[in-house]
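Okay, here's what each chain looks like letter by letter:
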Amino acid sequence: DGMLPTRAIKFALGPVSSGERVPPRGGWKRAWHGPSLHAVEAIARRGLLADAKGRIFLTPSFKYPFCLYSVPDIVVAGGARFRVVFEVRVAPGAFWEHGDHYDFCQLGLIEGCVPPEKLEWEVVGRPDAVQVVGLVLKQLGPEHPTLRHDTVVRHACQSLLRL
């Protein structure tokens, strides 16, 4: 089961999948998804939607999406920076594990508990096998690496233009 973050605030959400409220599923695995800030409300209401290739990307690591995918930072008075990550449940057997295809950084600096070859979970063609169940808000500290994929930077720019 995906590891829980420390020093974070978790907000429970009624489970949502494929655009509908659904009953919670027991025995599903905990995973995480780091959204672009502009997508937070839509994900909380409708769940994670597959990309054009029918894929949904998740991870058993909270740190991986927190440090690399959750954009842009929420900056409050005094300069404190926060990020949002979704807690999800995924049906066992509905995903395949693989490493980060981009190989753009040393993942051991970000996530030391989950083996690099199992860091990304990919669900293909089964959006109903993923339930969004919570939202986690965590303050970004100096110990958190903040490298970004180029695609994430583009999404961050799009998010800022929509605010």
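Here the residue numbering is sequential within each chain, running from 1 through the sequence in written order. Residue-level local features of this predicted model are given only where pLDDT is at least 70; pairs of side-chain atoms are given and counted only at 80 or more, and the full residue set underlies all totals for whole chains, interfaces and linings. Values shown for side chains rest on all heavy atoms present in the structure; no hydrogens or waters enter the calculation.

Caption draft 1: Inspection of the overall build of the protein chain at higher detail. Runs of H or I in DSSP of at least four residues are treated as helices and runs of E of at least two as strands, each being numbered from the N terminus. Per the secondary structure count, the protein chain includes 3 helices and 9 strands. Secondary structure elements in the protein chain, listed N-terminal to C-terminal, are β-β-β-α-β-α-β-β-β-β-β-α. Three labels apply to residues, based on accessible area from a 1.4 Å probe with only protein chains included: buried if under 20% of the type maximum, exposed if over 50%, partly exposed otherwise in between. By the burial criterion, 46% of the 163 residues in the protein chain qualify as buried. By definition in these notes, contact holds between two residues if any of their heavy atoms fall within 4.5 Å. Considering only contacts in the protein chain between residues 6 or more positions apart, those separated by 24 or more positions represent 84%. Of the roughly 8700 Å² that the protein chain leaves accessible, carbon and sulfur atoms contribute 57%. Surface exposure here means Shrake-Rupley accessible area, sampled with a 1.4 Å probe, where a residue is shielded only by the protein chains that are shown.

Caption draft 2: Spatial organisation of the pairing of strand S4 (residues 55–58). Only one face of S4 is buried, namely the one carrying Ile56 and Leu58, since none of Arg55 and Phe57 on the opposite face is buried. Inspection of the sheet shows S4 paired to strand S8 (residues 120–124) by 4 bridges, in the antiparallel sense. Paired with Ile56 across the two strands is Val123, which belongs to S8. Paired strands, as defined in this entry, are two strands with at least two bridges between them according to DSSP.

Caption draft 3: Summary view of the nonpolar core. Ranked by internal contacts, the top residues of the largest apolar core, which has 19 residues, are Leu48, Leu58, Phe86, Val88, Val90 and Val130. When residues of this core are traced back to their parent elements, those giving at least two are helix H1 (40–46), S4, strand S6 (81–90), S8 and strand S9 (130–139). With 4 residues, S6 is the largest single contributor of residues to this core. Among residues more than four places away in sequence, those in contact with Leu58 are Ala31, Trp32, His33, Leu48, Val88, Val90, Leu119, Glu120, Trp121, Val123 and Val130. By size, the runner-up hydrophobic cluster in this structure holds 12 residues, among which are Tyr64, Leu68, Val136 and Leu140. Throughout this description, the term nonpolar core refers to a set of buried Ala, Val, Leu, Ile, Met, Phe, Trp, Tyr and Cys residues connected via side-chain atoms within 4.5 Å.

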